[in-house]
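If you want the building blocks of each chain, they are given just below.
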Amino acid sequence: DTAVSQTPKYLVTQMGNDKSIKCEQNLGHDTMYWYKQDSKKFLKIMFSYNNKELIINETVPNRFSPKSPDKAHLNLHINSLELGDSAVYFCASSHLNPRYRFSVWNTEAFFGQGTRLTVV
Amino acid sequence: QKEVEQNSGPLSVPEGAIASLNCTYSDRGSQSFFWYRQYSGKSPELIMFIYSNGDKEDGRFTAQLNKASQYVSLLIRDSQPSDSATYLCAVRLSGGSYIPTFGRGTSLIVHP
């Protein structure tokens, strides 16, 4: 059974389109994340949700809107796609609650398989 | 200011040698440090985490942390071609969101 699953794995679309990426985890974690990894492998946090509540929103354009219908799902919707949005997007989950400085990110941090988004 | 820095490599070592991967960080108050391995086209997977100064060993992997010098390293003993991957260092900074901040990763190539 896949612990953190993302769909689709590949997404090719034209500039200006709107697209969504879905993520589901079956680990019972309370916290989920979206990361963006650029062509140079730099992995950067975009959003974090804890129990359906947005707790981290890094400097990301308003065109990106996360949605968490329940704590097992965190979807990412992107409006008006631009060439610079091309990257691999990773969903992840953990027991960590980033609100609490001393909570532990341990071996239960799992990444999904990634969605390679190509905007043409 | 770059918060977590790694040499992008590639680092090339012969099979059976020790591979040494280094990471420095700027936030002196950082508490938690992690090494992830990422194969090409795959997702990152956690190899080790370390919180205390000193060494932590797990099989062929040893993480070393020196908070005074603000660096963390990963040693891979008896390197195998299957260890060829990008190794990402992540640091949980003391300020901000407390989400681990990743370095850009070091590409390791183990040649037979």
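This text follows the structure it describes.
Residues numbered from 1 in each chain as written. Chains lettered and ligands numbered in written order. Predicted model: local features only at pLDDT ≥ 70, side-chain atom pairs only at ≥ 80, totals over all residues. Heavy atoms only, no water.

Student: Let's hear about the state of the cysteines: which residues, and what values?
Tutor: By definition, a disulfide links the sulfur atoms of two cysteines through a covalent bond. Evaluation of the coordinates by the stated rule reveals two disulfides over all chains. The disulfide partner of A:Cys23 is A:Cys91, and the gap between their sulfur atoms is 1.9 Å. Between A:Cys23 and A:Cys91, the S-S torsion sits near -80°, and that sign places the bridge as left-handed. Pair noted here: A:Cys23 is in strand β3 (residues 19–25) and A:Cys91 is in strand β9 (residues 87–94), with a separation of 68 residues, a long-range link. With respect to burial, A:Cys23 and A:Cys91 carry one shared label: buried. Residue pairing for B:Cys23: its cysteine sulfur links by disulfide to B:Cys89, the two sulfurs lying 2.1 Å apart. With the S-S dihedral at roughly -70°, the linkage between B:Cys23 and B:Cys89 falls on the left-handed side. Of this pair, B:Cys23 sits in strand β3 (residues 19–25) while B:Cys89 sits in strand β9 (residues 85–92), and the two are 66 residues apart along the sequence. (Disulfide = S-S within 2.5 Å. Helix = DSSP H or I, 4+ residues; strand = E, 2+ residues; numbered from the N terminus. Buried < 20%, exposed > 50% of the residue type's maximum accessible area, 1.4 Å probe, protein only.)

Student: For the nonpolar core, give the residues involved together with the corresponding values.
Tutor: The tendency in soluble globular proteins is for nonpolar side chains to be buried side by side. Of all hydrophobic cores here, the largest spans 24 residues; its most connected members are B:Trp35, B:Val72, B:Leu74, B:Ile76 and B:Tyr87. Only β3, β4 (32–38), β5 (45–50), β7 (61–66), β8 (71–76), β9 and β11 (106–111) of chain B provide two or more residues apiece to this core. For B:Tyr87, the contacting residues outside a window of four places in its chain are B:Gln6, B:Leu21, B:Trp35, B:Tyr36, B:Arg37, B:Ile47, B:Leu74, B:Ile76, B:Gly105, B:Thr106 and B:Leu108. Within the second largest apolar cluster, 21 residues are counted, among which are A:Leu11, A:Met32, A:Leu76 and A:Val119. (Core = buried A, V, L, I, M, F, W, Y, C linked by side-chain atoms within 4.5 Å. Contact = heavy atoms within 4.5 Å.)

Student: Break down the packing of aromatic side chains for me, citing the residues and quoting the values.
Tutor: Aromatic ring pairs are reported here in terms of the distance separating the ring centres and the angle at which the planes meet. Taken as a whole, this structure holds 10 aromatic pairs over all chains when the rule is applied. Centre to centre, the rings of A:Tyr33 and A:Tyr35 are 6.2 Å apart; their planes meet at 40°, and the pair counts as tilted. Each of the two residues, A:Tyr33 as well as A:Tyr35, counts as buried. Each ring, one from A:Phe111 and one from B:Tyr36, has its centre 5.8 Å from the other, and the planes form 85°; the classification is edge-to-face. (Phe/Tyr/Trp six-rings, centres within 6.5 Å; stacked < 30°, edge-to-face > 60°.)

Student: Help me get a handle on the environment of A:Thr7, residues and values and all.
Tutor: Residue and element names in this part refer to chain A. With respect to the element layout, threonine 7 can be found in strand β1 (residues 4–7). Note on threonine 7: relative accessible area 46%, which makes it partly exposed. Taking C-alpha positions, threonine 7 is 19 Å from alanine 109, a pair spaced 102 residues apart along the chain. In this structure threonine 7 touches Ile21, Lys22 and Thr115, once residues within four positions along its chain are discounted.

Student: I'd like a description of the sheet that holds strand β6 (residues 54–58) of chain B, backed by residues and values.
Tutor: All names here are of chain B. Taken in spatial order, the five strands of this open sheet run β1-β3-β8-β7-β6, and their pairing is antiparallel. Two strands bound the open sheet, and with one partner strand each, they are β1 (4–5) and β6. Pairing of β3 with β8, which is carried by six bridges, proceeds in the antiparallel orientation. Counterpart to alanine 19 in the pairing with β8 is isoleucine 76. (Pairing = 2+ DSSP bridges.)

Student: Now, about the pairing of β9(B): what can you tell me, with residues and values included?
Tutor: All names here are of chain B. The buried fraction of β9 is high, at eight of eight residues. In terms of strand pairing, β4 meets β9 through seven bridges, oriented antiparallel. Following the sheet pairing, tryptophan 35 is matched in β9 by cysteine 89. Pairing between β9 and β11: three bridges, direction antiparallel. Looking across to β11, one finds that alanine 85 is bridged to leucine 108. Alignment of β9 against strand β10 (residues 100–102), held across three bridges, turns out to be antiparallel. Considered in β10, the bridge of alanine 90 is made with phenylalanine 102.

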